[in-house]
Amino acid sequence: MADIGIVVIGRNEGERLSRCLGSLTGLGAQVVYVDSGSSDRSVEVAAALGLSVLELDPALPFGPSRARNEGVRRLLEIDPSLQFVQFIDGDCELHRSWLAEGARQLREDPRTAVVAGHVRERFPEASIYNKICDIEWDGPTGEVPACGGIAMMRLRAFQQVGGFDPSVLAAEDDEICLRLRRKGWAILRLAAEMAVHDAEMTRLGQWWRRAMRCGYAYAQGAAMHGRSRDRHFVRETRRTWFWGFLLPALILAGAWPSGGGSLLLLLCYPVQIARIYRRTRMRGVAGLPSAAYALSCIASKFAEVVGAWKFKMKELRGAPMQLIEHR
């Protein structure tokens, strides 16, 4: 593992960070912990384990892109010979076998820039929101357009595209993967266990803010790359505006002229929920979680519209983009 470094990013993760850092001990890899203004004991916990700790300057906006870039910079200061970097968030635990599995894939396939594995929720039964997250983590294997921020990257590829874009505060993993694919690199998801995630999402407000952040990310991604041949997040943004704003506006605007006939368009929502439910059940997910996931996919569009609107307003005013946290 001498050619692998690990960058952990976190902010007020508490006990989750302790579990995360504990999962990295004894792996033989250099670890850097990057803290984004925590007010708990995160920095002290990491320092007590003898890790290299980097506290970000609060004068600049916090964000996962900035934290990961700074972490890589610190890693290479410590050991310029590193070839691969494993990114992991402070609310996750890395599987013991993953580093060897991911590195093996990168060594055997020189065209692969990023490799990821399966991520599971630590407590999927703790709340319906955690269960929804667990379903969302279950992505296809093989070559994929993008993977989550918990992944192993080839440092040469990472440096070729200039790392993460610090202006991207959500879905930054999709954005860097897009730029990597433009350079001819491949993104792979293996059928191997990579990490356990602890969403700790127990309240509706947390789910709502997470969905807002998603809408914000779609709008920003479409603004940055939507006019390219990749049409980055254009489809997702259109879906957000259609289900979360245009269809409800059409129903309300047409209610009086149509004598209430436009209210029949409300049936589009249960029909779409039923379609998502059927697809989710075909993936082997149980009935109740499938129903909750399907409902979430549609209900979240209303929160996504709020996030997309926030992005548009900031873009028009030229205001700095802000991170939306759900905890």
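Residues numbered from 1 in each chain as written. Predicted model: local features only at pLDDT ≥ 70, side-chain atom pairs only at ≥ 80, totals over all residues. Heavy atoms only, no water.

Caption draft 1: Molecular detail of the overall build of the protein. Helix and strand counts for the protein come out as 11 helices and 9 strands. The C-alpha radius of gyration computed for the protein amounts to 21 Å, which stays within 12% of the reference 20 Å derived for 327 residues, consistent with globular compactness. Projecting the C-alpha coordinates of the protein onto the three principal axes gives extents of approximately 70 × 45 × 40 Å. Counting over 327 residues, the protein shows a buried share of 52%. Once local pairs closer than 6 in sequence are excluded, the contacts in the protein between residues at least 24 apart make up 72%. Of the roughly 15400 Å² of accessible surface on the protein, a fraction of 57% belongs to carbon and sulfur atoms. Placing the 43 positive and 36 negative side-chain charges of the protein at their respective mean positions leaves the two points 8 Å apart. (Helix = DSSP H or I, 4+ residues; strand = E, 2+ residues; numbered from the N terminus. Rg over C-alpha atoms; globule rule 2.2 N^0.38 Å. Buried < 20%, exposed > 50% of the residue type's maximum accessible area, 1.4 Å probe, protein only. Contact = heavy atoms within 4.5 Å. Areas by Shrake-Rupley, 256 points an atom, 1.4 Å probe, with all protein chains shown as cover. Lys, Arg positive; Asp, Glu negative; His and termini not counted. Charge placed at Lys NZ, Arg CZ, Asp CG, Glu CD.)

Caption draft 2: Region of interest: the packing of helix H10 (residues 268-282) against helix H11 (residues 287-317). Relative orientation of the contacting elements H10 and H11 amounts to 135 degrees, with a least axis distance of 8 Å. Considering the angle they form, H10 stands oblique to H11. Remark: the crossing between H10 and H11 carries right-handed chirality. Of the residues in H11, those touching H10 at Tyr-269, Gln-272, Ile-273, Ile-276, Tyr-277, Thr-280 and Arg-281 are Gly-287, Ser-290, Ala-291, Tyr-293, Ala-294, Leu-295, Cys-297, Ile-298 and Phe-302. Residue composition of the contact of H10 with H11, grouped by class: 11 nonpolar, 4 polar and 1 charged. (Axes fitted to C-alpha atoms, helices over the stretch in contact; angles between N-to-C directions. Parallel < 35°, antiparallel > 145°, perpendicular 65-115°, else oblique. Left-handed = near helix turned anticlockwise from the far one by under 90°. Nonpolar A, V, L, I, M, F, W, Y, C, P; charged D, E, K, R; others polar.)

Caption draft 3: Quick peek at the packing of aromatic side chains. A complete count under the given rule lists 10 aromatic pairs for this structure. Look at Tyr-216 and Phe-311: their rings are 5.7 Å apart centre to centre, the planes differ by 80 degrees, and that puts the pair in the edge-to-face class. In this pair, Tyr-216 is assigned in helix H8 (residues 204-225) and Phe-311 in helix H11, connecting sequence segments 95 residues apart. Comparing Tyr-216 with Phe-311 shows no difference in burial state: the two are buried. Taking the centre distance of 5.0 Å and the plane angle of 70 degrees together, the rings of Tyr-218 and Phe-233 count as edge-to-face. On the criterion of sequence distance, the pair formed by Tyr-218 in helix H8 and Phe-233 in the loop between H8 and helix H9 (234-255) is long-range, its members being 15 residues apart. Residue Phe-233 is classed as buried on the basis of its relative accessible area, which comes to 9%. Grouping aromatic residues by their ring pairs yields a cluster made of Phe-242, Trp-243, Tyr-269 and Phe-302. Here Arg-68 stacks its cationic end above the ring of Phe-164, 5.4 Å away from the centre of that ring. The ring of Tyr-293 carries Arg-283 above its face, with NZ or CZ at 6.0 Å from the centroid. (Phe/Tyr/Trp six-rings, centres within 6.5 Å; stacked < 30°, edge-to-face > 60°. Lys NZ or Arg CZ within 6 Å of the ring centre and 35° of its normal.)

Caption draft 4: Representation of helix H4 (residues 98-108) within the structure. Among all positions in H4, only Trp-98, Leu-99, Gly-102, Ala-103, Gln-105 and Leu-106 are buried. For H4, the angular spread of the buried residues around the axis is 155 degrees, confining them to a single face. Here the buried face of H4 lies against strand E1 (4-10), strand E4 (84-89), strand E5 (92-94), strand E6 (112-121), strand E8 (151-154) and strand E9 (186-197). (Arc of directions from axis to C-beta.)

Caption draft 5: Focus on H11. A rise of 1.5 Å per residue sets the reference length of H11, with its 31 residues, at 45 Å; its end C-alpha atoms lie 45 Å apart and thus fit the reference within 8%. Approximately 35 degrees is the largest bend angle found in H11, and it occurs at Phe-302. (Expected span 1.5 Å × (residues − 1). Bend = angle between axes of the 7 residues up to and from the residue.)

Caption draft 6: Expanded view of unusual backbone geometry. Even without being a glycine, Arg-231 presents a positive backbone phi close to 50 degrees. Mapped onto the elements, Arg-231 comes out in the loop between H8 and H9. Residue Arg-231 is classed as partly exposed on the basis of its relative accessible area of 40%. For Phe-233, which is not a glycine, the phi torsion comes out positive at approximately 60 degrees.

Caption draft 7: Spatial organisation of the pattern of salt bridges. Inspection of the entire model under this criterion finds 21 salt bridges. As a salt-bridge pair, Arg-107 and Asp-3 come within 2.8 Å of each other at their nearest N and O atoms. Of this pair, Arg-107 sits in helix H4 while Asp-3 sits in the segment before E1; the two residues are 104 residues apart in sequence, bridging distant segments of the chain. Take Arg-107: its relative accessible area is 47%, and that puts it in the partly exposed class. A salt bridge links Asp-230 to Arg-229, with the shortest nitrogen-to-oxygen separation between them at 4.0 Å. (Salt bridge = Lys/Arg side-chain N within 4 Å of Asp/Glu carboxyl O.)

Caption draft 8: Region of interest: a nonpolar patch on the surface. A contiguous nonpolar patch, built from Trp-208, Phe-302 and Val-306 and spanning about 230 Å² of accessible area, is present on the exposed surface. Here Phe-302 lies in helix H11. (Patch = residues over 30% accessible without salt bridge, like charges linked within 9 Å, V, L, I, M, F, W, Y side chains within 5 Å.)

Caption draft 9: Molecular detail of the packing of H8 against H11. Taken N-terminus to C-terminus, the directions of H8 and H11 make an angle of 55 degrees; their axes are 6 Å apart at the nearest point. Classed by the angle they form, the pair H8 and H11 counts as oblique. Crossing hand, H8 versus H11: right-handed. Within the contact of H8 with H11, the residues separate by chemical class into 15 nonpolar, 5 polar and 4 charged.

Everything listed here is a matter of coordinates, which is why it stays silent on function.
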